[in-house]
Structures are given as C-alpha cells and as structure tokens.
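One letter stands for each residue in the lines below.
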Amino acid sequence: MKNCFIVFFCCIGFGIMLISTGCGGGGGGTASGNPSSTATIAESAAAKEFIARQIAINYAELNTRSASGNMRANPKRLNEPRAAQTIETGVGTGRITYTNDVFSMFGVTYTYSSGYQNITLRDYLGNLTNNENIFDSIELDSQNMACSIADGSNVVNLVYNGKLILQGFYSKNSFTVKALNLTMAGNINNQDNIRWTMNGTVTVNQSSFPYPISGSSESGSIVFNGYTYNYSIAYNGTNQASVNLSGAENFTMLINLSTGAVVSSSQSEVTSYDILGKWKLVEEDRDGIMLPVYVNSTGKISQITFSANKTLYYENYSRTSNSNINYWITENVAPETIYGTYTIIGNQLTVTSGNNSLTHTITFSGNQLRQVNQWGEIYIWEKI
C-alpha cells in the first residue's frame, strides 16, 4: 500500500489538487481568522495568481518527477522523505495522516498541519488489491486536511475535503483523473474568503504529456468574499489553458501551465440588459465594513430603477449609523428624487443627472449588484 501510494503521488496531477506533492484533495471547512475584504476576484491580484498557480502547479511538477520526460515515474524521486504516515487498513485500503508535512515548489512553501486521506487501490477488473504490479486505479478521499501555502508575498490557509479517482496505471498509456465535488475553503492573507468546488475529468497521455489532452475540462464554482462564480477550465493539449469565470463577474484568464503565471486576463462587458429593473439598497460600507441597510418605520428604503431607454429614477432616503449599532437605518423623511441617464462601458457605469456625472464600477452576483463609486464607497443593491 505505501509503495503504491508513493508512486501515485509522482505520476499525475489534477487542477487545484496538489497531488504530485501531497497538498490537495479538496476542501470544505471554514475560513480561519476574521476575513473582512469585499474585493472581487478581478480586483485581487493575489486571488488570480493563486487560482492560476493551483491549476498549473501539478503539470509543471509532473514533468520533473517523470523519467526521461514520459509518463513513467522517476524511481529516484519516489522515496523522498515525508512527514505523512501511512497505515494499511485492509486489502487495497489505507490511511495517510498528516501532522507537520512541509515542502517547497517553485519558491512556494506548503505546510500540512492536520487531516488525513483514505486510500483505495483497485486492479484493472475493479477488485481491491495491494499488488502494485496489477493495480490500475486509486481513490483518494481527503478529510479535513489543513494546509498553509506561502509564496513570500501572500499566505493562503485552506481546509480540503473530497474525492479524487485516478485510473490507467495498469496500461500506462494514459491517466484519467476524475474530481467529484472536490472543495477547498479558507482565506487569502486572512482577508479574502474563498471556497472552491470542482468537478471534471482530465486525461494526460503520451502525446500531450505532461499536460491534459485537448478536450479535457474542469468545472465548478468559486465563492470569493461572498461573490459567486461559475468557472470552467479548457485544455488544448499544450502548456496553455483557458479559465472562464462568470456570475459575479465575467472574465477569462489565459494561464501558462508550465509556470503557473497569468498570461492575460480580459473582462467581458456588463450589458445594459444586466442592470435593467428596480433595485433596493441592502448593504453599505462604514469605515471599510459592510453593514445591512434596514427599512424605516413605514417600510421605505432607497431604490433605483434602470430603464431600457438608458434613463434612471432614484429615490434616495437618508440613512444613519454610528459606532453603537452595526447597521444602517433608513430615516423617516421624504426621499431625494433624482432623474438621470446612464451608460455602461465594460464594468463602468456612468450616471448623469443635470450637470453632474459620476462613474461607478459594478459587478453582479445572482440577484445582487455591487457598486463602488469613484471615492471607493461600496453599496450592495438587490433586484426587486
């Protein structure tokens, strides 16, 4: 069991799962510390770099851990010392427990502090086996594995849970990796919450090695500081992959799988159709902290309506908040009514009323709109 498991670590990788070195297996815990950032992924260079590196790092390592640049594991790399302990629990089953496992790759340090992985080995007929000469697939089930990732500028703390299935060890012609609701959760720099869930099938064969074959893909969701994204990763058999995110923001990142770098990032335009309708104010920041906005005694709250003819109507009620309360209250006064026009270019919303014109950065997440004005003030609106 132990020898088979070591071979597994040096043969294949999948997306965010740091399988070639052991730091991976999904997530599902909660973020540590008290993250307070309201940044989106497009606004966070650390988040984009982290996502790109997590996707790419296995494929870069896969090549260095192979023999002569092919799909065979390099025997000289199989027995590197590790702090993880392996216990055989039955025929074809075992458990790997991590207590203080530290290693580095490309200047990034990974530290496992707790958690374990249940391992299941099967032969090409699907039977449990301990025989490394006939085993074909490995199922890796990670449980509450805590990992800290430091690159010198940023620190990511994560908890992993979930299943990963690797198949094709017997034929050695290609490896297929299936992710089943693999999730990791934690924070970046103790500020930005992130929860990443993935599914998909990736295949690496001799012609594409060490990268996934053309047509391989991953998909799932990322929740970053409360903003929800659907994502997909498309591979083309080379060292480049396209990461597409939609939902809270719509943009594409092209990444280099051999370096983990973001090659380019382009944000899709928000269309006028996205903003049409009536919205009510539900959150507003106070000194950098987002607080809920409550209706007044008659049930009124600030609202804005965007029409298809590029006009808007805004009912703005005064609001009060102070250090003694953790919310904004809408006052019982008549609203300020504003009529104007609007234009959208990219993610920039420009509102004009009379001789005044203000430009805001806007993003969408489900039925909510996030507005950041030119002074950095943040508002969250909800579709009515």
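Structure: above.
Owing to the predicted nature of the structure, the values given are computational and were not obtained by experimental measurement.

Visitor: So, empty space enclosed by the protein: which residues are in play, and what are the values?
Guide: Per the counting criterion, the structure on display carries one cavity of 30 Å³ or more. By volume, the largest cavity amounts to about 30 Å³. In terms of lining, the largest cavity is formed by Ala 46, Glu 49, Phe 50, Arg 53, Asp 151, Asn 154, Val 156 and Ile 188. Here the lining of the largest cavity takes four residues from helix α2 (residues 45-64), the largest share from any one element. Tallied by class, residues from the lining of the largest cavity come to four nonpolar, one polar and three charged.

Visitor: Lay out the environment of Gly 92 with the relevant residues and their values.
Guide: Tracing the sequence through the fold places Gly 92 in the loop between β1 (85-90) and β2 (93-97). Under the relative-accessibility criterion, Gly 92 is labelled buried at 0%. Distance in space between the C-alpha atoms of Gly 92 and Leu 128 is 4.8 Å, their sequence separation being 36 residues.

Visitor: Requested: an account of a nonpolar patch on the surface, with residues and values cited.
Guide: Together, Tyr 124, Leu 125 and Tyr 170 give the surface a local cluster of nonpolar side chains, amounting to about 360 Å² of exposed area. Mapped onto the elements, Leu 125 comes out in the loop between β4 (108-123) and β5 (135-150). On the basis of relative accessibility, which here comes to 62%, the residue Leu 125 falls in the exposed class.

Visitor: Break down the nonpolar core for me, citing the residues and quoting the values.
Guide: Ranked by size, the top nonpolar core spans 61 residues in total, and within it Phe 50, Ile 55, Ile 149, Ile 222, Tyr 229 and Leu 257 carry the most contacts. Counting residues per element, this core draws most heavily on α2, which supplies nine residues. Within the second largest apolar cluster, 20 residues are counted, among which are Ile 275, Leu 312, Tyr 342 and Ile 344.

Conventions we followed
- Residues numbered from 1 in each chain as written.
- Predicted model: local features only at pLDDT ≥ 70, side-chain atom pairs only at ≥ 80, totals over all residues.
- Heavy atoms only, no water.
- 1 Å grid on protein atoms, 1.4 Å probe; cavity = no way out; pocket = protein on both sides within 12 Å on 5 of 7 lines; lining within 4 Å.
- Points joined across faces, edges and corners; volume = space filled by probe spheres on them.
- Helix = DSSP H or I, 4+ residues; strand = E, 2+ residues; numbered from the N terminus.
- Nonpolar A, V, L, I, M, F, W, Y, C, P; charged D, E, K, R; others polar.
- Buried < 20%, exposed > 50% of the residue type's maximum accessible area, 1.4 Å probe, protein only.
- Patch = residues over 30% accessible without salt bridge, like charges linked within 9 Å, V, L, I, M, F, W, Y side chains within 5 Å.
- Areas by Shrake-Rupley, 256 points an atom, 1.4 Å probe, with all protein chains shown as cover.
- Salt bridge = Lys/Arg side-chain N within 4 Å of Asp/Glu carboxyl O.
- Core = buried A, V, L, I, M, F, W, Y, C linked by side-chain atoms within 4.5 Å.

All we've got here are geometric facts, nothing functional implied.
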